[in-house]
Amino acid sequence: MGRALAGVAGAVVAAAVAVATLTGCSLRIEEASCGGGEYPVLAVNSGGGDCVPDGEEPAQGWARYPEGKVPEKVGDEWDIYWSTHTLDENGEIIELPEGG
């Protein structure tokens, strides 16, 4: 019985790949910036980010992203933007030095 199920599963996967190939559809998987129940934060005066549980404030040296400029998915517009920018200790957006 295990072989029969493995054969069916293999056929389903092969069919899905064939449909995607024939239709030109890509199987793109988007990765969320943070998991459920968390929100993203960025390092102050430095490059880098982390996730903080909802309801908790960021630790010292970390800040919330400015409203409307929060990355939602890895590689989205704001994720790319914040790879070259950060916030200073006054909450102003600054450009990271090369190698940030």
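It should be emphasised that the depicted structure is a prediction, and the values quoted were computed from it without experimental measurement.

The subject of this paragraph is the pattern of salt bridges. Counted under the stated rule, the structure contains 1 salt bridge. A salt bridge links Arg64 to Glu57; the shortest N-O distance between them is 3.3 Å. Residue Glu57 is classed as exposed on the basis of its relative accessible area of 58%.

Assignment of secondary structure puts Glu92 in the loop between strand S4 (85-87) and strand S5 (93-95). The spatial distance from the C-alpha of Glu92 to the C-alpha of Pro66 is 9.5 Å, given a sequence separation of 26 residues.

Attention shifts here to the layout of surface pockets. Computed from the structure, the largest pocket encloses a volume of approximately 180 Å³. As for the largest pocket, its lining consists of 18 residues, and the residues nearest its centre are Val41, Gly48, Gly49, Tyr65 and Asp79. Those elements that provide at least two residues to the lining of the largest pocket are strand S1 (38-43), strand S2 (49-53) and S4. Tallying contributions element by element places S1 first for the lining of the largest pocket, with 4 residues. Of the residues in the lining of the largest pocket, the class split is 8 nonpolar, 8 polar and 2 charged.

Here the focus is the confidence of the model for the protein. With 69% of its residues at a pLDDT of 70 or more, the protein has an overall mean of 81. Per-element confidence in the protein is highest for strand S3 (residues 62-64), whose mean pLDDT is 98, and lowest for helix H1 (residues 2-23), whose mean pLDDT is 47.

We now examine the state of the cysteines. Enumeration according to the criterion identifies 1 disulfide in this entry. Across the disulfide from Cys34 sits Cys51; the S-S distance is 2.0 Å. Here the disulfide of Cys34 and Cys51 is left-handed, its torsion about the S-S bond being about -90°. A residue pair is termed long-range when its members are at least 10 positions apart, and Cys34 in the loop between H1 and S1 and Cys51 in strand S2 qualify at 17 residues. Judged by its relative accessible area of 23%, Cys51 is partly exposed.

Once that is clear, we can look at the sheet that holds S2. Reading across from one edge, S2-S1-S3 is the order of the 3 strands in this open sheet, with antiparallel pairing throughout. Each of the sheet's edge strands pairs with one partner strand only, and the pair in question is S2 and S3. Neighbour-to-neighbour, the strand axes of the sheet open up by a mean angle of 45°, direction not taken into account. Two strands pair when backbone bridges link them, and S1 and S2 are joined in this way by 5 bridges, in the antiparallel orientation. Bridge assignment links Pro40 to a residue of S2, and that residue is Cys51.

Reading the values: rules and limits
Residues numbered from 1 in each chain as written. Predicted model: local features only at pLDDT ≥ 70, side-chain atom pairs only at ≥ 80, totals over all residues. Heavy atoms only, no water. Salt bridge = Lys/Arg side-chain N within 4 Å of Asp/Glu carboxyl O. Buried < 20%, exposed > 50% of the residue type's maximum accessible area, 1.4 Å probe, protein only. Helix = DSSP H or I, 4+ residues; strand = E, 2+ residues; numbered from the N terminus. 1 Å grid on protein atoms, 1.4 Å probe; cavity = no way out; pocket = protein on both sides within 12 Å on 5 of 7 lines; lining within 4 Å. Points joined across faces, edges and corners; volume = space filled by probe spheres on them. Nonpolar A, V, L, I, M, F, W, Y, C, P; charged D, E, K, R; others polar. pLDDT = per-residue confidence, 0-100. Disulfide = S-S within 2.5 Å. Pairing = 2+ DSSP bridges. Axes fitted to C-alpha atoms, helices over the stretch in contact; angles between N-to-C directions.

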